[in-house]
2 protein chains.
Amino acid sequence: MNIVLLSGGSGKRLWPLSNDIRSKQFIKIFKKEDGEYESMVQRVYRQIKKVDPQAKVTIATAKTQIAAISHQLGESVGISVEPCRRDTFPAIALVTAYLHDVQGVPEEEPVVVCPVDPYVDEDYFEMLKTLGNQAAKGEANLVLMGIEPTYPSEKYGYIIPRGKANLSKVDSFKEKPDAETAKQYIAQGALWNGGVFAYRLKYVLEKAHELIAFDDYEDLFRKYHTLEKISFDYAVAEKETEIQVMRFGGRWKDLGTWNTLTEAMVENTIGNVIPNDTCEDVHIVNELDMPVLCMGLKNAIVSASPEGILVTDKEQSAYIKPYVDQLDNQVMFAEKSWGSFRVLDVTADSMTIKVTLNPGNRMNYHSHEHRDEIWNVIEGKGTVIIDGMKQSVQTGDVVTMQAGCRHTIIAETELKVIEVQLGKEISIHDKRKFQLEE
Amino acid sequence: MNIVLLSGGSGKRLWPLSNDIRSKQFIKIFKKEDGEYESMVQRVYRQIKKVDPQAKVTIATAKTQIAAISHQLGESVGISVEPCRRDTFPAIALVTAYLHDVQGVPEEEPVVVCPVDPYVDEDYFEMLKTLGNQAAKGEANLVLMGIEPTYPSEKYGYIIPRGKANLSKVDSFKEKPDAETAKQYIAQGALWNGGVFAYRLKYVLEKAHELIAFDDYEDLFRKYHTLEKISFDYAVAEKETEIQVMRFGGRWKDLGTWNTLTEAMVENTIGNVIPNDTCEDVHIVNELDMPVLCMGLKNAIVSASPEGILVTDKEQSAYIKPYVDQLDNQVMFAEKSWGSFRVLDVTADSMTIKVTLNPGNRMNYHSHEHRDEIWNVIEGKGTVIIDGMKQSVQTGDVVTMQAGCRHTIIAETELKVIEVQLGKEISIHDKRKFQLEE
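Residues numbered from 1 in each chain as written. Chains lettered and ligands numbered in written order. Predicted model: local features only at pLDDT ≥ 70, side-chain atom pairs only at ≥ 80, totals over all residues. Heavy atoms only, no water.

The next subject is the environment of Ile270(B). All names here are of chain B. Within the fold, Ile270 resides in strand β14 (residues 269-270). Of the residues examined, Ile270 reaches a relative accessible area of 11% and is grouped as buried. Beyond its immediate sequence surroundings of up to four residues, Ile270 is in contact with Lys28, Ile29, Tyr37, Met265, Ile284, Val285 and Asn286. (Helix = DSSP H or I, 4+ residues; strand = E, 2+ residues; numbered from the N terminus. Buried < 20%, exposed > 50% of the residue type's maximum accessible area, 1.4 Å probe, protein only. Contact = heavy atoms within 4.5 Å.)

Residue and element names in this part refer to chain A. On the basis of which strands lie adjacent, the open sheet formed by six strands has the order β20-β21-β22-β29-β24-β27 and antiparallel pairing. Of all strands in the sheet, those with a lone pairing partner are β20 (333-336) and β27 (398-401), marking the two edges. Neighbour-to-neighbour, the strand axes of the sheet open up by a mean angle of 20 degrees, direction not taken into account. Two elements, strand β24 (residues 372-379) and β27, share four bridges in a ladder whose sense is antiparallel. (Pairing = 2+ DSSP bridges. Axes fitted to C-alpha atoms, helices over the stretch in contact; angles between N-to-C directions.)

Our focus in this paragraph is the environment of Asn19(B). Residues and elements named next belong to chain B. Locating Asn19 in the fold gives a position in the loop between β1 (2-6) and β2 (30-31). The class of Asn19 is buried, set by a relative accessible area of 6%. Along the sequence, Asn19 and Glu307 sit 288 residues apart, while their C-alpha atoms lie 8.0 Å from each other.

Okay, the relation of the copies chain B and chain A next. Under the fitted operation, chain B is carried onto chain A by 0.0 Å of movement along the axis and a turn of 179 degrees, and the coordinates agree to an RMSD of 0.1 Å. This pairing of chains is accounted for by a two-fold axis. Residues of chain B ranked by C-alpha distance from the rotation axis are headed by Leu344(B), positioned 2.9 Å from it. Interface overlap between copies: 100% of the residues of chain B at the interface are likewise at the interface in chain A, consistent with a symmetric, same-surface contact. (Least-squares fit on C-alpha atoms with pLDDT ≥ 70 in both.)

Residue and element names in this part refer to chain A. The interhelical angle for the contact between helix α1 (residues 40-51) and helix α4 (residues 122-137), taken along N-to-C directions, is 60 degrees, at an axis separation of 9 Å. The angle between the axes of α1 and α4 places the two elements in the oblique class. Seen from above, α1 lies across α4 with right-handed handedness. Counted together, Val44, Gln47, Ile48, Lys50 and Val51 of α1 and Glu122, Phe125, Glu126 and Lys129 of α4 form the full contact between these two elements. Tallied by class, the residues present in the contact of α1 with α4 amount to four nonpolar, one polar and four charged. (Parallel < 35°, antiparallel > 145°, perpendicular 65-115°, else oblique. Left-handed = near helix turned anticlockwise from the far one by under 90°. Nonpolar A, V, L, I, M, F, W, Y, C, P; charged D, E, K, R; others polar.)

Overall, mixed pairing links the six strands, which are arranged β15(A)-β17(A)-β19(B)-β18(B)-β16(B)-β14(B) in an open sheet. Both outer strands of the open sheet, β15 (273-275) of chain A together with β14 of chain B, are each paired with one neighbouring strand and no more. Judged from the six bridges that link them, strand β18 (residues 298-305) of chain B and strand β19 (residues 308-313) of chain B form a sheet pairing that is antiparallel. Pairing of Ala304(B) across the sheet is with Ile309(B), part of β19(B).

Before going further, it helps to examine the interface of chain B and chain A. The interface of chain B with chain A comprises 51 residues on the first partner and 51 residues on the second. Taking both partners together, chain B and chain A bury about 4000 Å²; carbon and sulfur atoms supply 70% of that area. Considering only the side of chain B, the residues that lose the most area to chain A are Leu293(B), Met295(B) and Ile309(B), jointly responsible for 17% of the buried surface there. On the surface where chain B and chain A come into contact, there are 19 residue pairs in polar contact (both at pLDDT 80 or more). The dominant element in the side of chain B that touches chain A, judged by the number of residues it contributes, is β19(B), at six residues. A per-class count over the side of chain B that touches chain A returns 29 nonpolar, 15 polar and seven charged. Note that strand β19 (residues 308-313) of chain A and strand β17 (residues 292-295) of chain B share four bridges and pair parallel. Its bridge partner being in β17(B), Thr312(A) is matched across the sheet by Met295(B). (Buried area = accessible area lost by both parts, 1.4 Å probe. Polar contact = N/O pair within 3.5 Å; in protein donor to acceptor, adjacent residues only side chain to side chain.)

Laid out in structure tokens, this is it:
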């Protein structure tokens, strides 16, 4: 089975755990049987592999997520990198061309596309296999999954099938309705559109060539930024007449809000948290070292991360987005391809960060025009390269770098460094990257 | 007027703003007319000076509070330092000896004692003057302030006067009663005992000599740790027959709990806080740089400091103490005589702190047996002394110190330093102080 996981945007609705560069699908919030925590993407990947150990999983995503995906899933997944965000039709066209031209997937093989963040059981992934098999038959160009509605939601688009059979042709698509209209749809047997569908690779490849002038994957990648933003539903699905839908009645949760996310938590608290026994229906997720003490709260969510602190009534949590949009989004913590960093202190003319490099990894070789830097190695062993000169470093070593000098650090073991940045205008944009001659 | 302010203990009930070394009386929580914030001790001092610009104010306190008092009140107040905590009788005996032997206050002069943390208006301080004047007359050995009860509180001790006149003899003292008994007391004209009283200096000096064998202030200071822990009420007031009480009917609030503290806040939020408009009766005090977003809360208190985060229903906030007792009380922020420090990061074998030195100040000259240290100067100018060698430092300079070496840093301007500590057992107890030969 070829599965494409669409890994979307920034997820401000789960602030402060997610932010501009750290998406909700990477938050480790689900407790596994062994007591460890896994993220949405790890959970989905584990479930896919359980149902189909041979599944070929490809993630379609932005460059900013590559590091987190590699950390969480290792190197065994394919990644189709979108040079910029252009909605689902260009993304699916690109990943389809990637499967064909880079991965060598034959044109007749089915591809199943699904979002990376549903909270579901294994029957959902069994269903994906069934969808793929159905697409392979060629009875229809697209085979959608239709989710049995559990209430007349105003949040989802609806698929109206011709009849109530398990597999049927699609009659029409409906935009998010009001609750009353939703009830009428459901009475007609309508299903939620969860963004899951299967097709034979050549179908989307041909559609892509119809709608976009390009030669191959590389050419499409190159001109990706020029493409129109348009959804796959709008560009393709809603216009297709040879289209079927299969009903899915298993558990399906869209974990886009704090409310639904906390429903999926196995335990009510994660991290250094003390809830007193007068708390009722309270979920607390604390990523900071400092303790969170909660007393007498009801139906509330408390979450603390280096980005900030959220305290909200559960019902109100759905309305978070405009408030997060207001915030000054200085990124205080981020996973990078080589490890992670956390901002510890900011003054007018300095910033102090803690850098953790994974063993064998290194930063880009780079320089800054407007700031000096000091590295204080607090744990581990490695090598620094400063203007071409190599030097071993270990716990206790200090390296000072003037503005303009080229530098990198390579971790032999896990390496922790307190980096002090000094200058008038400290900005992530003040960075030039260089090729390292070794 | 000689006023003694008793500045008490650690105030865990206002965690996370107060902790073992930072007491509630120093939290800047009261907004002044000019928009700046002041602490309880600053507010009380300002009010005293307004009512009596000549008032001689002496604070009786522990060594740990000297830095905060100097920062907040400057050098104009006297400080009687208690070498250790020994309850109110030894503390009042010591400060009385201090006033007599160190400050030269004549024996006939009245002294007024009051806690440092009442939330009151100026009429309260007018009343202190009146108490002192009454004590000066010598009609009684002790003149107490009795606060008109506003409800049958179970939290306070009661003074039963002989009659309901403004000034009357005291009939008896009553321990904290239950609400029913409190009602009966109030029906008899009982008053709350707010711990405020006046006496002629020689009265307490003589009492002290009666109950403790000592020569003078210095001798008493020296043997202070050997004294029995006993309250002034128990040792003196309750046994005194020549004792009067004056009724006080003005505003008087005991700011010992979050509930009463927030009642005294002029605005509902302090710091980087975004409350949405569905919050009702919510008070938020945020001392961190990161934002706190609150949505849909009712009757709640949220407070964040480097020590931790509290989210509590207002009613529940009264029960905080046992939960705070449970916490691992690593001090994450502290004011010191020379400035302040804040812990930024802790790993198994390192600690990174930010040190701020006030201009003209310096740390003790000291060494550590088990840790190396690195200073990264991020702002300001000063001088370091390492094993007797002086060296100027400024922004960008790095100083490394091996375990065992003696070191200090002296601020010329305000000086900010990122200090990286490295070693197996980092502890505040690993410190030897030395005399600096200059």
